[in-house]
Amino acid sequence: MNFKRTMLVVALPLAFSVSTLAQALEIKFADIHPAGYPTVVAEENMGKTLVKESNGQLTFKMFAGGVLGSEKEVIEQAQVGAIQMARVSLGIVGPVVPDVNVFNMPFVFRDQAHMRKIIDGEIGQEILDKITQSEFNLVALAWMDGGTRNLYTKKPVRSLADLKGMKIRVQGNPMFIETINAMGGNGIAMDTGEIFSALQTGVIDGAENNPPTMLEHNHYQNAKFYSLTGHLILPEPLVMSKTTWNKLTPEQQTLVTKAAKAAQFEERQLWDAKSASSEAKLKAAGVEFIVVDKKPFYDATADIRQKYGAPYAELMTRIEAVE
Ligand code: BDP
């Protein structure tokens, strides 16, 4: 074999594989929840669809368990295109895209079924579009179900009065701090990853979340009372960095949108099963589920809905009208 031919035999496949590699776009996906959590499972399955349907032009890598940072940090990285996709709580989007706070308001949805009806319909799409149209440099594609949030505390909260002065962790959104304060507690913002030790060391007296988060993030170990206030029902947007989105072909954009929507519905099935099993596990671990009269909690937060809802009166009426 002469030198020229050898070069051809060696260099050609090399050049080919380098160019295929260069074309493939890697999607790093961030989620704060651990492997096996409903959102993570649905996202991984979405990833498989993306790889398969794009014939390998898109690759997918899941970073679960918050390894890429807090949701706030993840959003910042997605904004600059360092992370390509993520699922975050709508709670932390509120301070940057105020329009989404309509969904973040206490007791804005009657129940989980009402919330699902809305995120599946035109209002849900409108709120996703608000994120996409904002200066956030993100494309919001679909919604994940984050269940209903209730209070969990070290000492039982059976009525509004019991909450008086308790330090309750909330997500970094001023509206949530005001909500807890309006209920008589003392709202304190911190990242998800800090809650466990804050409960353990007594920096906080409680937090608020859905049963799967309370279980999977081990918060129940230091908070044994779960008061069913149902004050927040927060859907969770699945977003892509606009920087990444703009690199996709129109066909790939359609593929990503479709796969994200499919994940929305798959996650919902997984969520219902996980919620039920989480409740059972929490009870078995000695957590007392307390049924409270929600009315005083609802009434105490009327001013929050008034203050934050005023600019969106029409939207609020439309939300209420959805049966
Ligand atoms: C969970 C959400 C997650 C939030 C977390 C929190 O799924 O996105 O980070 O609550 O409150 O329910 O920090």
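Here, every reference points to the structure presented above.
Each value, and the rule that gives it
- Residues numbered from 1 in each chain as written.
- Predicted model: local features only at pLDDT ≥ 70, side-chain atom pairs only at ≥ 80, totals over all residues.
- Heavy atoms only, no water.
- Salt bridge = Lys/Arg side-chain N within 4 Å of Asp/Glu carboxyl O.
- Helix = DSSP H or I, 4+ residues; strand = E, 2+ residues; numbered from the N terminus.
- Buried < 20%, exposed > 50% of the residue type's maximum accessible area, 1.4 Å probe, protein only.
- Arc of directions from axis to C-beta.
- Contact = heavy atoms within 4.5 Å.
- Axes fitted to C-alpha atoms, helices over the stretch in contact; angles between N-to-C directions.
- Parallel < 35°, antiparallel > 145°, perpendicular 65-115°, else oblique.
- Nonpolar A, V, L, I, M, F, W, Y, C, P; charged D, E, K, R; others polar.
- Pairing = 2+ DSSP bridges.
- Near = heavy atom within 4 Å.
- Polar contact = N/O pair within 3.5 Å; in protein donor to acceptor, adjacent residues only side chain to side chain.
- Areas by Shrake-Rupley, 256 points an atom, 1.4 Å probe, with all protein chains shown as cover.
- Core = buried A, V, L, I, M, F, W, Y, C linked by side-chain atoms within 4.5 Å.

**A short note on the pattern of salt bridges**
(1) Moving on: Overall, the coordinates contain 16 salt bridges when judged by the stated rule.
(2) Moving on: Residue Glu 236 is joined to Arg 87 by a salt bridge in which the shortest nitrogen-to-oxygen separation is 2.7 Å. Here Glu 236 is found in strand β10 (residues 236-241), whereas its partner Arg 87 is found in strand β3 (residues 85-87), with 149 residues between them in sequence. Comparing Glu 236 with Arg 87, the two get one shared label, buried.
(3) Moving on: Notably, a salt bridge pairs Asp 145 with Arg 116, separated by 2.5 Å at the nearest N-O pair. With Asp 145 in the loop between β4 (138-144) and β5 (149-153) and Arg 116 in helix α5 (residues 112-120), this pair connects stretches of sequence that are 29 residues apart.
(4) Moving on: According to the relative accessible area criterion, Asp 145 is buried, its value standing at 1%.

**Re helix α3 (residues 71-79)**
(1) Moving on: Along α3, the positions that sit buried rather than exposed are Glu 71, Val 74, Ile 75 and Ala 78. The arc enclosing the buried residues of α3, seen along the axis, measures out at 100°, which places them on a common side.
(2) Moving on: Here the buried face of α3 lies against β1 (25-30), β3, β4 and β10.
(3) Moving on: Two residues or fewer past α3, Gly 81 is found with a positive phi of approximately 85°.

**Some thoughts on the packing of α5 against helix α11 (residues 250-284)**
(1) Moving on: At a closest axis distance of 13 Å, the pairing of α5 and α11 adopts a crossing angle of 170°. Relative to α11, α5 is oriented roughly antiparallel. Contacts between α5 and α11 involve Gln 112, Arg 116, Ile 119 and Asp 120 from the former and Gln 264, Phe 265, Arg 268, Trp 271 and Asp 272 from the latter.
(2) Moving on: For the contact of α5 with α11, the residue count by class is 3 nonpolar, 2 polar and 4 charged.

**Quick word on the pairing of strand β9 (residues 225-232)**
A regular strand places its side chains on the two faces of the sheet in alternate fashion.
(1) Moving on: Across the 8 residues that make up β9, a large majority, 7, are buried.
(2) Moving on: In terms of strand pairing, β5 meets β9 through 4 bridges, oriented antiparallel. Counterpart to Arg 149 in the pairing with β9 is Leu 232.
(3) Moving on: As paired elements, β9 and strand β11 (residues 288-290) share 3 bridges and run parallel to each other. In the sheet register, Tyr 226 faces β11, and the bridge partner there is Phe 289.

**With respect to the sheet that holds β3**
Backbone-to-backbone hydrogen bonds pair the strands of a sheet. The strands run either parallel or antiparallel.
(1) Moving on: In spatial order, the strands read β2-β1-β3-β10-β4; together these 5 strands make up an open sheet with mixed pairing. Across the chains shown, the open sheet's two edge strands, defined by having one partner strand only, are β2 (58-63) and β4. Strand-to-strand twist across the sheet, computed as the mean angle between neighbouring axes with direction ignored, equals 20°.
(2) Moving on: Across 3 bridges, β3 lies against β10 in antiparallel orientation. Note on β10: the bridge partner recorded for Met 85 is Met 240.
(3) Moving on: Those strands touched by α3 are β1, β3, β4 and β10, and its axis lies near 135° from that of β4.

**Observations regarding the site of the ligand**
(1) Moving on: Around the ligand, 13 residues are found, and the nearest of them are His 33, Glu 71, Thr 192, Asn 209 and Glu 236.
(2) Moving on: Glu 71 places a polar side-chain atom, nitrogen or oxygen, 2.5 Å from an oxygen atom of the ligand.
(3) Moving on: The separation between an oxygen atom of the ligand and a polar side-chain atom of Thr 213 is 3.3 Å.
(4) Moving on: For the ligand, whose unbound accessible area comes to 320 Å², protein coverage reaches 99%.
(5) Moving on: Residues of the shell around the ligand, tallied by class, amount to 1 nonpolar, 7 polar and 5 charged.

**Points about the packing of helix α6 (residues 122-133) against helix α14 (residues 313-321)**
Each pair of packed helices gets described by two things: the angle between the helix axes and the distance between those axes.
(1) Moving on: In the contact formed by α6 and α14, the axes pass within 11 Å of each other and the chain directions differ by 145°. Contact with α6, carried on its side by Glu 122, Ile 123, Glu 126 and Ile 127, involves Leu 315, Arg 318 and Ile 319 of α14 and no other residues of that element.
(2) Moving on: Taken together, the residues of the contact of α6 with α14 break down into 4 nonpolar, no polar and 3 charged.

**What to know about the nonpolar core**
(1) Moving on: Counting 53 residues, the largest nonpolar core has Val 93, Phe 103, Phe 109, Ile 131, Leu 163, Phe 297 and Ile 319 as the members making the most contacts within it.
(2) Moving on: Sort the elements by how many residues they give to this core and α6 lands first, with 4 residues.
(3) Moving on: What Phe 109 contacts, discounting residues up to four positions off in sequence, is Phe 103, His 114, Met 115, Ile 118, Ile 233, Pro 235 and Ile 319.
(4) Moving on: Of all hydrophobic cores here, the second largest spans 26 residues; its members include Val 40, Met 62, Ala 142 and Trp 245.

**Considerations on the side chain of Thr 132**
(1) Moving on: Structurally, the position occupied by Thr 132 is in helix α6.
(2) Moving on: Engagement of the side chain of Thr 132 in a polar contact is seen with the backbone nitrogen of Ala 140, the distance being 3.0 Å.
(3) Moving on: Not counting the four nearest positions on each side in its chain, Thr 132 is found in contact with Leu 138, Val 139, Ala 140 and Lys 242.

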